[in-house]
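One letter stands for each residue in the lines below.
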Amino acid sequence: MFHTLTQQLVAESAEDCFNLAVLRPLNSQDIKSCIKSLIAQFLSNSASKSTASDAVMSPGGKIGYYAAKALLNAEAEQEMEKSLKNSRTAAEDELLDTINRADDDEDLDLDGLAGGGDGKSFTDSILYQNGRKYSPYDIRVLESWFSRKSKKAKESTVLVISIPEFERFDTDVFQDLVKLCSSCLDTLPFVFILGISTTLDIIQNNLHRSVIRLLRCERFFLSKSDDCVDAIVTEVFLKNHDGFKLNHDAFSLIFNSYKSNHRSVTALCDAIQYFALKHFYGDSLSSLITHDGVSQIQPELLDRMRKQKSFNRHVKALLAAEEYEEVRLLCFDDNHLTKTINAAKVNLGNYHFMMAFTIQLLRSTRAMLKLNNQNTVYNIYSRVLSSDCFVREAFVQEMVRKLKWIKPMELAGILGFWVELFQHCNLQNQVESYITEIQALLKEFESKYKTDGECDGDDDGSDRDDFDEELRFQKAQLGTPNQRKTKVSLKAGVLGPDKNSYDFFALRACQIFEKFLGETMKHHTDYLFNEIYYYQEAAKVLMKNFQPHPRPITQIALGAASDYLTCTCCKASDVLHPKALDISLLYKLHSECGHMINLFDLFISFEQVLRKESPCPSQTDIQVRFAAGLTHLEYMGFIKPTARKTDHVSKNDGQLFVI
């Protein structure tokens, strides 16, 4: 999550808000290396803003565009590498120019600040060539670079120093860095971001009081992981209406792995991009995503389109409707099929747009109904992909029951919100009829129920308090039967509510809501040629690259180590070669034993194989190699000690293999 924050700051730095530099323990072992790294990163970021600002993106930013479209464009990738190379060259030139333009002021004694005991001054390390210039780790190089900025740029620029792993960072180096940056605050606006994973007391315990006084610590919390997932789903799958999509198997496999295992946004994006590459480069149907609708489609691709499942269902539906001429044109006329493909793409684009619009409506409505559980974009989109009838989902029926039991004024407010949201929809032909129906309901509400002040058919009237309302809703949700069951009430239940009552009004509003969801949230397989956009292959095959099974892989590797190491002298065979790996020899010998393995017999067999090696190893070397190989087998989980027999170990084949 700290990496996510860093990426967001990098994205904002492209807009001249922040200049970000990251210090890690490995490349910040002393104060000189810290200053040198800061100078290089700040100047490099400044030079690369004009050339590679489009390459900087946060997980919730432009990743949908790159995952869905830019993966197809190899030329754009080469152009990006070229621009980054140019930005590095520009940064080097700017650094050299800044150092050459520096004045002849006295250099800072960083060795004295760091507590160096050699007595050498910092000026001894300055290079003299064509006049005096600063060394690459002099803080005044950064001051000279920052002073060349315009007054407006200085006011809007902040130099952010990020330390993601503060616990591993050297405390003495950090204290010297704080003192140095504090002395330069008049000319350089430094801000520290510390990634602390343990406790905030580490600052009070590890730093000197004089350093703590220089810091003005403020606590902040990173966004939840669900927010990052929602941003990725929105950008990749919802906003990009004519781009790459995942079916439910692939979608659930990727995101369940994220939620259950690694919780890494970078790994999640890598998995989505990997599936996108597989779809674009492994399925020729994906080329129709970028088809302009005018150029001719290859006959081989048209023949493959006729073999798709959605096309077969469409033809069967036409035959059932006795539209034989349309079937003949689709099967034998390539031009007619091309027009049908273009029309199907338009329908799928409208379907994807209305799906994103409906998800927004559902989230807003659930928030107004105070149903905040399962209200994430990921959860709703996953239900749309998995459900053949989204309206019958418990997720939707919970909203319908709540709409029937809320107060009249609250229901009128929700209906007014729906009308306002529909009026801002880009596809007015899809929602025009619903606007008319809801406006008619609102007029009826204004004339009947708002003026009367009470609702027929409701025992408590319109002045029901929140407690009674919540109690009634819970009873209806749990299916609690009413205590009063007379013949009149049962007959009224069969006949339905009175058409002049408020209950009938709420029922009509729910019917409009369900009708809208039924039309906009259909399953994607119901649409013709959905295979163009949706990944269709088995997702488990590709996920082996992200979720490998280490035990069978290691067993195969140990059984044929020569094939993996491309060794010509000991090719994989039934004969044990003395030059093979010791662990490979022990694994093969261990595989020939029963459940209980006698270590002495195993050593004798191992020794007989090694005696064939030239020159013959000594007895001590054989014992050491046997002990080392046995330890490796135990660490990998193939054997384990046992107290049942002396000098024996037992096989561990039935347990999980964990590295």
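Residues numbered from 1 in each chain as written. Predicted model: local features only at pLDDT ≥ 70, side-chain atom pairs only at ≥ 80, totals over all residues. Heavy atoms only, no water.

A. The overall build of the protein chain, seen in detail. For the protein chain, the count of helices and strands is 30 helices and six strands. Each of the 659 residues in the protein chain was classed as buried or not, and the buried ones make up 41%. In the protein chain, of all internal contacts separated by at least 6 residues, the share reaching a separation of at least 24 is 71%. (Helix = DSSP H or I, 4+ residues; strand = E, 2+ residues; numbered from the N terminus. Buried < 20%, exposed > 50% of the residue type's maximum accessible area, 1.4 Å probe, protein only. Contact = heavy atoms within 4.5 Å.)

B. Structural context of the pairing of strand 3 (residues 190–194). Across five bridges, the pairing between strand 2 (residues 158–163) and strand 3 is parallel. Bridged to Ile-161 within strand 3 is Phe-192. On the question of chirality, the crossover connecting strand 2 to the parallel strand 3 by way of helix 8 (residues 171–183) is right-handed. (Pairing = 2+ DSSP bridges. Right-handed = clockwise from strand over helix to strand, strands pointing away.)

C. Broad picture of the packing of aromatic side chains. Summed over the entire model, instances satisfying the criterion amount to 24 aromatic pairs. Pairing Tyr-434 with Phe-516 gives two aromatic rings, centres 5.3 Å apart and planes at 80 degrees, and the pair type is edge-to-face. On the criterion of sequence distance, the pair formed by Tyr-434 in helix 21 (residues 428–452) and Phe-516 in helix 24 (residues 502–520) is long-range, its members being 82 residues apart. By relative accessible area, which is 2% here, Tyr-434 ends up buried. By relative accessible area, which is 3% here, Phe-516 ends up buried. These aromatic residues form a ring-pair network of at least three members: Phe-237, Phe-251, Phe-255, Tyr-378 and Tyr-381. (Phe/Tyr/Trp six-rings, centres within 6.5 Å; stacked < 30°, edge-to-face > 60°.)

D. Representation of the packing of helix 19 (residues 394–405) against helix 24. The geometry of helix 19 relative to helix 24 is characterised by a closest axis approach of 9 Å and an angle of 155 degrees between their N-to-C directions. It follows from the interaxial angle that helix 19 and helix 24 lie roughly antiparallel. Handedness of the crossing formed by helix 19 with helix 24: right-handed. Residues Val-396, Gln-397, Met-399, Val-400, Leu-403 and Lys-404 of helix 19 pack against Ala-506, Leu-507, Cys-510, Phe-513, Glu-514 and Leu-517 of helix 24. (Axes fitted to C-alpha atoms, helices over the stretch in contact; angles between N-to-C directions. Parallel < 35°, antiparallel > 145°, perpendicular 65-115°, else oblique. Left-handed = near helix turned anticlockwise from the far one by under 90°.)

E. Spotlight on the sheet that holds strand 1 (residues 18–22). The three strands are arranged 1-2-3 in an open sheet whose pairing can be described as parallel. Each edge of the open sheet carries a strand with a single partner, namely strand 1 and strand 3. Put simply, the sheet's adjacent strands are angled 25 degrees from each other on average, direction ignored. On the sheet, helix 8 packs against strand 2 and strand 3 and is oriented at approximately 155 degrees with respect to strand 3.

F. Molecular detail of the sheet that holds strand 6 (residues 648–651). Reading across the sheet, the three strands line up as 4-6-5 and stay open at both edges, with antiparallel pairing between neighbours. Each having just a single partner strand, strand 4 (596–598) and strand 5 (639–641) make up the two edges of the open sheet. Geometrically, the sheet is characterised by an average inter-axis angle of 40 degrees between neighbouring strands, direction not taken into account. Where strand 4 lies against strand 6, three bridges are found, and the strand directions are antiparallel. Bridge assignment links Asn-598 to a residue of strand 6, and that residue is His-648.

G. Here's a closer look at helix 29 (residues 599–610). The end-to-end C-alpha distance of helix 29 is 16 Å, a good match for the 16 Å that twelve residues give at a rise of 1.5 Å each. If you check which residues of helix 29 are buried, you get Leu-602, Phe-603, Phe-606, Glu-607, Val-609 and Leu-610. Angular distribution of buried residues about the axis of helix 29 spans 160 degrees; they occupy a single face of the element. Turned more than 90 degrees from where helix 29 packs its buried face, Phe-600 and Gln-608 sit exposed. Among the structural elements, helix 28 (582–591), strand 4 and helix 30 (619–636) are those in contact with the buried residues of helix 29. (Expected span 1.5 Å × (residues − 1). Arc of directions from axis to C-beta.)

H. Structural view of unusual backbone geometry. A cis amide bond, omega -5 degrees, links Ser-614 with the succeeding residue Pro-615. Even without glycine at this site, Lys-370 takes up a positive phi of about 60 degrees. Residue position: Lys-370 is located in the loop between helix 17 (334–368) and helix 18 (377–386).

I. Just the nonpolar core, in detail. Counting 97 residues, the largest nonpolar core has Phe-255, Phe-422 and Phe-513 as its most contacted members. Counting residues per element, this core draws most heavily on helix 17, which supplies 13 residues. With near-sequence residues (within four places) excluded, Phe-513 lies in contact with Leu-361, Leu-362, Val-396, Met-399, Val-400, Leu-403 and Trp-418. Among the nonpolar cores identified, the runner-up in size contains 36 residues, and Leu-159, Val-173, Leu-180 and Leu-194 belong to it. (Core = buried A, V, L, I, M, F, W, Y, C linked by side-chain atoms within 4.5 Å.)

J. Here's a closer look at the environment of Arg-168. Looking at the element boundaries, Arg-168 is found in the loop between strand 2 and helix 8. Spatially, the C-alpha atoms of Arg-168 and Ile-196 are 10.0 Å apart, while their sequence positions differ by 28 residues. Filtering out sequence-adjacent residues up to four positions away, Arg-168 remains in contact with Pro-25 and Leu-26. A polar side-chain atom of Arg-168 sits 3.0 Å from a polar atom in the side chain of Glu-165. (Polar contact = N/O pair within 3.5 Å; in protein donor to acceptor, adjacent residues only side chain to side chain.)

K. Expanded view of the packing of helix 11 (residues 225–238) against helix 18. Two numbers describe how helix 11 lies on helix 18: the axes approach to 8 Å, and their chain directions differ by 45 degrees. Between helix 11 and helix 18, the angle falls in the class oblique. Mapping the contact onto sequence places Val-229, Asp-230, Val-233, Thr-234, Phe-237 and Leu-238 in helix 11 and Val-377, Tyr-378 and Tyr-381 in helix 18. A breakdown of the residues in the contact of helix 11 with helix 18 according to their chemical character gives seven nonpolar, one polar and one charged. (Nonpolar A, V, L, I, M, F, W, Y, C, P; charged D, E, K, R; others polar.)

L. Summary view of the environment of Ile-212. Positionally, Ile-212 belongs in helix 10 (residues 209–212). By relative accessible area, which is 18% here, Ile-212 ends up buried. Ile-212 sits 37 residues away from Gln-175 along the chain, and the two C-alpha atoms are 9.0 Å apart. Sequence-distant contacts of Ile-212, defined by excluding residues within four places in its chain, comprise Ile-203, Gln-204 and Leu-207.

M. Focus on the environment of Gln-608. By secondary structure assignment, the location of Gln-608 is in helix 29. Judged by its relative accessible area of 52%, Gln-608 is exposed. For the pair formed by Gln-608 and Pro-578, sequence separation is 30 residues and the distance between their alpha carbons is 9.0 Å.

N. Region of the structure containing the confidence of the model for the protein chain. When pLDDT is averaged across the protein chain, the result is 76; 73% of the residues are at 70 or more. Scored below 50 in pLDDT, residues 452–467 makes 22 contacts in the model with residues more than four places away or belonging to other chains. Every residue in residues 476–483 scores below 50 in pLDDT, and together they form five contacts with partners more than four places removed in sequence or on other chains. (pLDDT = per-residue confidence, 0-100.)

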